[in-house]
Amino acid sequence: MRQKNEKLDTVHRKRLPWYHAPPFLLFWVLLVFAIVIPLFNRLPDIVKIKDESSKAGEFVAERAQQLLYSYDRIGPKVVGSIANEVTTVSFLLEALEKVRIDMRNDLYDLEVDVQQVSGAYVLNSMVNMYQGIQNVAVKLSTLSSNSSSYLLVNSHFDSKPGSLGTGDDGIMVVVMLEVLRQMAISPTVFDHPIVFLFNGAEENPLQASHGFITQHKWAVNCKALINLDVGGSGGRDILFQSGPDHPWLMKYYKQNAKHPFATTLAEEIFQSGMLPSDTDFRIFRDFGHVPGLDMAQIKNGYVYHTIFDNFAVIPGRSVQSTGENVLALVRAYTNASEMLNPQDHSEGHSVFFDFLGLFLVYYTETTGTILNCCVAVISLVLVAISLWRIARVSQRSLNRVLIDFVIILALCIVGYLLCFGLPLLMAVVFDAGDRSLTYFSNNWLVFGLYICPGVIGLALPLTLYYSLRPCNEISHSYQLQMGLHSHCVILAVVAIILTSIGIRSTYLCMISLLFYEAALLINLFSTLHDRGLRWVIFVGVLQMLPFLYICYLFYTFLVVFFPMMGRNGTNTNPDIMIALVCALGTLLALGFVAPLINIFRWPKLILLGLCLVTFVFCMIAVSSIGFPYRAKTNAMRITILHTRRTFFEYDGSLSVNDSGYYFDYQDRRTYLPFLDSVNLTGLDVRSSDCDKYVMCGLPCFWNSWCGARAYAGWLPRADEVIIPGTVTLDLQAKTILPNGNTVRFEFELNGPHHMNLYIQPLEDVELEGWSFISDIPTRLPYHVFFSYGLDNSSLKFHIDFNVSNGHDHFNRPIFELGVVGQYVSNDYNRDNVTLDFLNSFPDFVYVMEWTSYFQRFIF
């Protein structure tokens, strides 16, 4: 018996030669480059017009691209501009007329309605008010159907200032036009009518969709939604929001999407508000209670909302991919029985994810709860059986094994902390040295900066423990298994906790657990569990699938987050976000793999090699290679408003009359990258003015800008900014209302297509009501954002204030009012001094700019 145990211990102590370790690690890296990235970038071939006869009923990307080229040539399409309100609307009506000519008039009816709409609502503590903006709505219905349940398909045709909007959202505009055409010429009819909504004010933000869903004659019949947007220019379209509470939508997506790309994790992240973006989906959900899908292309976010978002950077295969998906989904939903009464099929949230774009997994939230808990509990049971087996075979007491397991479990937790701590330390150190965003253009730098430190931190505690502690009582092989068991136990506990609080993305833990427990089950039944390191075979093989999926998922998020960090503002360190994503991805992908370096001799040497890789990457990052920006492809963003300010006091005297440039910084490096190229003498922050003037005396455009106003820059200029128009505010009346404590001010406002009102009640004064909207936000100063399209009539409004002590105090300052005219579009000229200043910026800087006129009054 003694000889048998000694022989068993010898087998258990045996490690593989150290030179097998590099191929082992490179194998996992190779999986990413050989499988994950190619499948992520996989796109279908373009269907050309000449092949249409042999591919009847298929989406034709070449025709959509021809439309997209025409759309691109229109130029920037800012709300209120001639390009948006006249030229683009004409482009759409012309394209729709061509569809009508080709349509099967014996089968279908096509109705086009150009809506001009006015309204208001509260968006993120800002009153979002619009007047005369336009929607081009198209209803396609089958003559033989009497269904009153419509499918709504939405995109927007307006763009950000300076941007052509060819990607965002021109791609989806032309996809909808081609889908409409295919549906209108198809010999196969459908049950439910389709409303194609081309909305003309999404970037303003989200105004046109609100106008449609709250006021259009077809809105009440819209029972389901496909919202189409773009967060870049190209790539596949990801489904990142669904429902809510309508899992049948995902059932049809699973059955019909040609190129599935979806994840619940993206939905939960987006709805948490972590990302500086929003879509029309929110409006249709909150104001119309219309369930649906929110889909967007996400690749190449570097050109998003810039002049570089043009036809040249958009792959035709991306148009084909999205078109095939949308066409298949439209066909499915227009024949879905659930459309007749969707509320009868409201059954809670769903869990969904695609596997490498090959197929979609979908189940209800209830099923997910049961699945997560069952997998977690089974994992814990199998670990308990394994520990009992280790004690029995090793002829050690179960208590002794449990003590060792608790020690290893504690070290595993320390490894988790280091897995996050080391990448975060790197992020903090680089930011402290003004070296943030080094990965912005060279994304591969994150491998050495964050992923390698994460792997080091994950493996280090157990590696030191295995190296320093003798294996006399429990063999090295068993201790390695207990290390993996520790990760399994922690994942199981985390899965149960996250499931209990309703986090649907817990499926990530479940996937890792499922494949590990499968390997553990095989090893226990086959006795490989007790035969040296042979158990590693099934663990390694079965971990390949979760490894591939998790790498695919986190690669997706990095593709989204890399460019997004260049417009994440100055207040937070963007490298922390990237470090966290890399650390979490490392933990989930390699939690069962990284400890396996201890099957080789000299594992500390392996970790030292990873340290060397990190050091080399750090040296590269602080060199010129790590400079974040590149002209046209990876530009630095900044917003500059060339502003004239006139501030009037209560007695009508002029206290401020100056001009300057208002800098709204978009990324962490603020003005430092172009400090040597641009004359910034006198540039400073205006936080000291926040107690003196409403909104710090700065013409912030909407709420996200205003939230960062204390950190914005102001660069005075000697020459007066020439305002290309007029802004007039007339006080029509000041009336004391019958209650004796309320005074009403009535105004008439005229100005450009975009204007802001900032309202700040003074001491002992409260805003009691106004004419804009029934709701009054709680955040001060009150902010009203107003834009108009074709209807340029005056904005007439009143504001009521409650003043303490009544009549005796009405003849004193009541409130401060800021009025800003924003001359946003290219219809307005810039003065020569401004043009010279803008031309002084280096080519790696993209400046979104326009003229603004800020008047401040005290009434």
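Going by the structure above, here's the rest.
Report follows, based on the coordinates. The model shown is predicted, which means the values in this text are computed figures rather than measured ones.

Analysis parameters
- The numbers attached to residues start from 1 for each chain and follow its sequence in the written order.
- Predicted model: local features are reported for residues with pLDDT of at least 70 only, side-chain atom pairs are reported and counted for 80 or more only, and whole-chain, interface and lining totals are derived from all residues.
- Values shown for side chains rest on all heavy atoms present in the structure; no hydrogens or waters enter the calculation.
- Here a strand is any run of E in DSSP of at least two residues, a helix any run of H or I of at least four, and the numbering for each starts at the N terminus.
- What the globule rule says is 2.2 Å times the number of residues to the power 0.38, and the radius of gyration is computed from C-alpha atoms.
- For every residue, the accessible area obtained with a 1.4 Å probe (protein chains only) is divided by the maximum for its type, and the residue is called buried under 20%, exposed over 50%, and partly exposed between those limits.
- Convention adopted: a line fitted to C-alpha atoms gives each axis, helices being fitted over their contacting stretch, and angles between N-to-C directions are expressed from 0 to 180 degrees.
- Any angle from 65 to 115 degrees is called roughly perpendicular, while one under 35 is roughly parallel, one over 145 is roughly antiparallel, and all others are oblique.
- Left-handed describes a crossing in which the near helix is turned anticlockwise from the far one by less than a right angle; the clockwise case is right-handed.
- By definition, residues are in contact when any of their heavy atoms lie within 4.5 Å.
- In plain terms, two cysteine sulfur atoms within 2.5 Å form what is called a disulfide here.
- By nonpolar core we mean a set of buried residues, namely Ala, Val, Leu, Ile, Met, Phe, Trp, Tyr and Cys, connected to one another through side-chain atoms within 4.5 Å.

**Notes on the overall build of the protein chain**
1) Next: Scanning the protein chain for helices and strands turns up 20 helices and 21 strands.
2) Next: The C-alpha radius of gyration of the protein chain comes to 31 Å, within 12% of the 29 Å expected for a compact globule of 859 residues.
3) Next: C-alpha atoms of the protein chain, sized along the principal axes, occupy 105 × 70 × 55 Å.
4) Next: Per-residue burial over the protein chain gives 61% buried out of 859 residues.

**What to know about the packing of helix α4 (residues 82-102) against helix α5 (residues 166-185)**
1) Next: It is at 9 Å that the axes of α4 and α5 come closest, and there the two elements cross at 20°. Relative to α5, the element α4 is oriented roughly parallel. Between α4 and α5 lies a crossing of right-handed hand. Only Val173, Leu177, Leu180, Arg181, Ala184 and Ile185 of α5 make contact with α4, whose side of the interface consists of Leu92, Ala95, Leu96, Val99 and Asp102.

**What to know about the state of the cysteines**
When the sulfur atoms of two cysteines share a covalent bond, that bond is a disulfide.
1) Next: Overall, the coordinates contain two disulfides when judged by the stated rule.
2) Next: Between the sulfur atoms of Cys690 and its disulfide partner Cys696 the distance amounts to 1.9 Å. Between Cys690 and Cys696 the sulfur-sulfur dihedral comes to about 95°; the bridge is accordingly right-handed.
3) Next: We classify Cys696 as buried; its relative accessible area is 2%.
4) Next: A sulfur-sulfur distance of 2.1 Å marks the disulfide that ties Cys700 to Cys706. In this structure, the disulfide formed by Cys700 and Cys706 twists by about 90° around the S-S bond and is classed as right-handed. As far as burial versus exposure is concerned, Cys700 and Cys706 are alike and both buried.
5) Next: Taking only the cysteines that form disulfides and numbering them from first to last, the protein chain has the pattern 1-2, 3-4.
6) Next: Just so you know, Cys412 is unpaired, no disulfide at all, and the nearest cysteine sulfur is the one on Cys419, 10 Å from it.
7) Next: What makes Cys412 buried here is its relative accessible area of 7%.

**Focus on the environment of Ser148**
1) Next: Following the sequence through the fold, Ser148 ends up in the loop between β2 (126-142) and β3 (150-156).
2) Next: For the pair formed by Ser148 and Phe240, sequence separation is 92 residues and the distance between their alpha carbons is 28 Å.

**Details of the nonpolar core**
1) Next: If you look at the biggest cluster of nonpolar residues, it comprises 136 residues, and the most contacted ones within it are Tyr450, Tyr507, Tyr549, Ile578 and Phe663.
2) Next: The biggest single contributor to this core is helix α16 (residues 535-564), with 19 residues.
3) Next: The contacts of Tyr450, once residues within four sequence positions are left out, are Pro423, Met426, Ala427, Tyr439, Asp575, Ile578, Ala579 and Cys582.
4) Next: Core analysis: the second largest hydrophobic core is formed by 64 residues, Val136, Met176, Tyr253 and Leu293 among them.

Function cannot be read off these values alone, since they describe shape.
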